[in-house]
Amino acid sequence: MDESKRLAQVFVELADTLIEDFDVVDFLQTLTDRCVELLGADAAGLMLSDQRGGLQLMTATLERARVLEVFELQVQEGPCLECFMTGEAVTNVELVEANKRWPIFTPAAVEAGFGATHALPMRLRGTVIGALNLFTDQPVHLTSTDLGVGQAMADVATIGLLHQQLAHEQTILSEQLQSALHSRVLVEQAKGALSARAGVSVGEAFARMRAHARSHNLALSVVASEVVGGTVTADLLTS
Amino acid sequence: MASTRVAEILAVVVDGAGRASDVPPRLIRACTAALPVSGVGLILMTDQGPAGIVATSDSPAATMEDLQFTLGDGPCVESSRTGRPVLQPDLARTGPERWPAFSAGALDAGIRAIFAFPLRVGGIRLGVLDLYRDRAGELSQADMTEALSFASAATAVLLHLQAQRSTDGGELGAIPVLEDRAEVHQATGIISVQADVDISEALVRLRARAYASERPIVELARDVVHGSLSFGDDTLAG
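Rules of the game
Residues numbered from 1 in each chain as written. Chains lettered and ligands numbered in written order. Predicted model: local features only at pLDDT ≥ 70, side-chain atom pairs only at ≥ 80, totals over all residues. Heavy atoms only, no water. Salt bridge = Lys/Arg side-chain N within 4 Å of Asp/Glu carboxyl O. Helix = DSSP H or I, 4+ residues; strand = E, 2+ residues; numbered from the N terminus. Buried < 20%, exposed > 50% of the residue type's maximum accessible area, 1.4 Å probe, protein only. Core = buried A, V, L, I, M, F, W, Y, C linked by side-chain atoms within 4.5 Å. Contact = heavy atoms within 4.5 Å. Pairing = 2+ DSSP bridges. Axes fitted to C-alpha atoms, helices over the stretch in contact; angles between N-to-C directions. pLDDT = per-residue confidence, 0-100. Arc of directions from axis to C-beta. Expected span 1.5 Å × (residues − 1). Phe/Tyr/Trp six-rings, centres within 6.5 Å; stacked < 30°, edge-to-face > 60°. Lys NZ or Arg CZ within 6 Å of the ring centre and 35° of its normal.

Participant: I tried to follow the pattern of salt bridges on my own but got confused; where do I start?
Facilitator: Scanning all chains against the criterion turns up 22 salt bridges over all chains. Where Glu183(B) meets Arg66(A), a salt bridge forms, and the shortest distance between an N and an O atom there is 3.7 Å. Of the two residues, Glu183(B) is situated in helix 8 (residues 182-194) and Arg66(A) in helix 3 (residues 63-75); the pairing between them involves two chains. Exposure class is identical for Glu183(B) and Arg66(A). Each is buried. One salt bridge connects Arg215(B) with Asp223(B), and the closest N-O pair in it is separated by 2.9 Å. Owing to a relative accessible area of 23%, Asp223(B) belongs among the partly exposed residues under this scheme. What emerges from the salt-bridge pattern is a single network uniting Glu63(A), Arg66(A), Arg181(B), Glu183(B) and Arg222(B).

Below, the structure is given as structure tokens:
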């Protein structure tokens, strides 16, 4: 498929959040997967505001990126935090040159095998609700076209996430963000429960729940809720 | 960091409390004082609905909880069911359509705004923290941050009380902030299968083990996820 066609397809996918079985964890995982696919990045991660003054990691495409993002939150320093605090994009930062900017984060990022990083804000008018983090293994720069597409994806995702057509912005923002954080915890619990039941890794358990949700037109959180409650259908146990 | 405020709230409400049962009333008093609200209620929830009123700050708050208990519906019940806060800055305008019986009673008791925060840890349903106000109006962003910190503190308190019940009491020690880390939630899921207990009991066991072995819960959780620690039948409960 040619690139512009694929791009259009992805935007339709990201805008389609008013469907019955919309699930925020699944949606954000799709967003980061598509960033890697379309932007020439090697890994992507996404953090959302917890509205208690901090950020929560919602999703990451690679385990080494996930570990690094958790570390970033612990040490309170790095591209996502900077982007979240300032509301401005952080782009094309080569990690060999970033020791002064992020003295604790940078060595950990290099250790994790990354050469460059970027962070794009998830903004709704004046409010920053999170940040999208991109990593490349090589210290290469992303083109301004790629960064533009990345920011557009982050914008579409933000709008979709907040269903902004509803009134009372402050109220909706809080309800949606808290609901997203809650879903993430539920999905993690279900990953653990299914991995123990099926004897597979937590990553494989996640993949199976997503596939099951898709093929049965169910929200991921509904599947997760069933797994946590002890109801596990046969196709989740055998792949 | 965010959890600093939660830890601070927990320290204040535990310090000076003689028994574990003193903690919830102290928590809602602190919450009422810290926020521009008229009163606060804390209720227990199960998958079946409201299970008990833990503490209420005043008479309208008690009415608010009694109504939901009796009717089995209302903003607080809904917030527990859906896992999302239910924020009703103008109950007279938006309430009657959604919860007719509840809204009539609540408005009658002088309640004009309700902010209900679900106290859940993923699939674990603990309760709801209900804030009410005698006049309409939204919470500011700063108030929302503070209210959410109180909700996190209330979650830790309810988990702690639950653990105490299952281990038959004990000294009232410090109440730890719940570590919101992927490994902890995954380990909770794993333990629920290994020990064949519900998800809530699984978290109680993980926390109890961390406390007893004096190890950080994240470290223990990682061992569970990697398979080097198991909570099967050969393991002593709690």
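Okay, back to it.
Participant: Before we go on, may I ask you to explain the nonpolar core in this structure?
Facilitator: Buried together is how nonpolar side chains tend to be arranged in soluble globular proteins. Formed by 108 residues in total, the largest nonpolar core has its most connected members in Leu48(A) and Leu131(B). Considering each element in turn, this core owes the most residues, twelve residues, to helix 7 (residues 141-166) of chain B. Not counting residues up to four positions away in its chain, the partners in contact with Leu131(B) are Cys31(B), Leu35(B), Val37(B), Gly39(B), Val40(B), Ala113(B), Ile114(B), Phe115(B), Phe117(B) and Ala147(B).

Participant: Explain the sheet that holds strand 2 (residues 49-56) of chain B here, please?
Facilitator: Residue and element names in this part refer to chain B. Pairing in this open sheet of five strands is antiparallel, and the strands run 2-1-5-4-3 from one edge to the other. With one partner strand each, in any of the chains shown, strand 2 and strand 3 (86-88) form the two edges of the open sheet. Strand after strand, the sheet turns through a mean of 20° between neighbouring axes, direction not considered. Relative to strand 5 (residues 124-133), strand 4 (residues 113-121) runs antiparallel, the two sharing nine bridges. Bridged to Ile114 within strand 5 is Tyr132. Seen against the sheet, helix 4 (residues 75-82) touches strand 1 (39-46), strand 2, strand 3, strand 4 and strand 5 and runs at an angle of roughly 30° to strand 4.

Participant: Got a minute to help me understand the confidence of the model for chain B in this structure?
Facilitator: Note that predicted coordinates carrying low pLDDT should not be read in detail. All names here are of chain B. For chain B, the average pLDDT comes to 88, and 93% of its residues sit at 70 or higher. Across chain B, helix 8 holds the top mean pLDDT of 95, while strand 2 sits lowest at 84. The complex prediction reports pTM at 0.81, with the ipTM value standing at 0.86.

Participant: I tried to follow helix 6 (residues 100-108) of chain B on my own but got confused; where do I start?
Facilitator: Think of an α-helix as turning once every 3.6 residues; residues three or four places apart then point the same way. All names here are of chain B. For helix 6, the set of buried residues is Phe102, Ser103, Gly105 and Ala106. Taken around the axis of helix 6, the buried residues stretch over an arc of 165°, which confines them to a single face. Those residues of helix 6 that are exposed and angled more than 90 degrees off the buried face are Pro100, Ala104 and Asp108. Contact partners of the buried residues in helix 6: helix 3 (59-71), helix 4, helix 5 (91-98) and strand 4. Taken from the residues just after helix 6, Gly110 is the one with a positive phi, measuring 90°.

Participant: Honestly, helix 6 (residues 144-162) of chain A in this entry has me stumped. Any pointers?
Facilitator: Taking 1.5 Å as the rise per residue, helix 6 of chain A with 19 residues should run 27 Å; its terminal C-alpha atoms sit 27 Å apart, in good agreement. Those residues of helix 6 of chain A lying buried are Leu147(A), Val149(A), Gly150(A), Gln151(A), Met153(A), Ala154(A), Ala157(A), Thr158(A), Gly160(A), Leu161(A) and Leu162(A).

Participant: Mind showing me how you'd approach the pairing of strand 1 (residues 43-49) of chain A here?
Facilitator: Where a strand is regular, its side chains alternate between the two sheet faces. Residues and elements named next belong to chain A. Most of strand 1 sits out of view: seven of its seven residues are buried. Of the two faces of strand 1, the one carrying Ala43, Gly45, Met47 and Ser49 and the one carrying Ala44, Leu46 and Leu48 are both buried. Bridging between strand 1 and strand 5 (residues 127-136) involves six bridges; their strand directions are antiparallel. The partner of Ala43 across the bridge, within strand 5, is Phe135. The hairpin turn running from strand 1 into strand 2 (residues 55-60), its antiparallel successor, is five residues long, and Gln51 in that turn takes a positive phi close to 60°.

Participant: Can you walk me through the packing of aromatic side chains in this structure?
Facilitator: Describing an aromatic ring pair means giving the distance of the ring centres and the angle of the ring planes. Per the stated rule, a full pass over the model turns up two aromatic pairs over all chains. Where Trp102(A) meets Phe105(A), the ring centres are 5.7 Å apart and the plane angle is 90°; that geometry is what we call edge-to-face. Both rings, one in Phe114(A) and one in Phe135(A), keep their centres 4.5 Å apart while their planes meet at 25°; by these two values the pair is stacked. Linking Phe114(A) in the loop between helix 5 (105-111) and strand 4 (116-124) with Phe135(A) in strand 5, this pair joins segments that are 21 residues apart in sequence. Exposure remark for Phe114(A): the relative accessible area of 3% places this residue in the buried category. Positioned above the aromatic ring of Phe206(A) is the side chain of Lys191(A), whose terminal nitrogen or guanidinium carbon lies 4.8 Å from the ring centre. Across the ring face of Phe231(B), the terminal group of Arg209(B) is positioned such that the distance to the ring centre comes to 4.4 Å.

Participant: Would you take a moment to explain the sheet that holds strand 5 of chain A for this structure?
Facilitator: Within a beta sheet, neighbouring strands are joined by backbone hydrogen bonds and run either parallel or antiparallel to one another. All names here are of chain A. In space, the five strands of this open sheet follow the order 2-1-5-4-3, with antiparallel pairing throughout. In the strand order of this sheet, the two ends are held by strand 2 and strand 3 (90-94), each with one partner. Strand-to-strand twist in this sheet, taken as the mean axis angle between neighbours without regard to direction, amounts to 20°. Lying over the sheet, helix 4 (residues 79-86) contacts strand 1, strand 2, strand 3, strand 4 and strand 5, oriented at roughly 150° with respect to strand 5. Against the sheet, helix 6 contacts strand 1, strand 3, strand 4 and strand 5, and its axis sits at roughly 40° relative to strand 4.

Participant: Before we go on, may I ask you to explain the pairing of strand 2 of chain B in this structure?
Facilitator: Residues and elements named next belong to chain B. Pairing of strand 1 with strand 2 involves six bridges; the strand directions are antiparallel. When the bridges of strand 2 are listed, Leu42 appears paired with Ala55. Adjacent in sequence and paired antiparallel, strand 1 and strand 2 are bridged by two residues.

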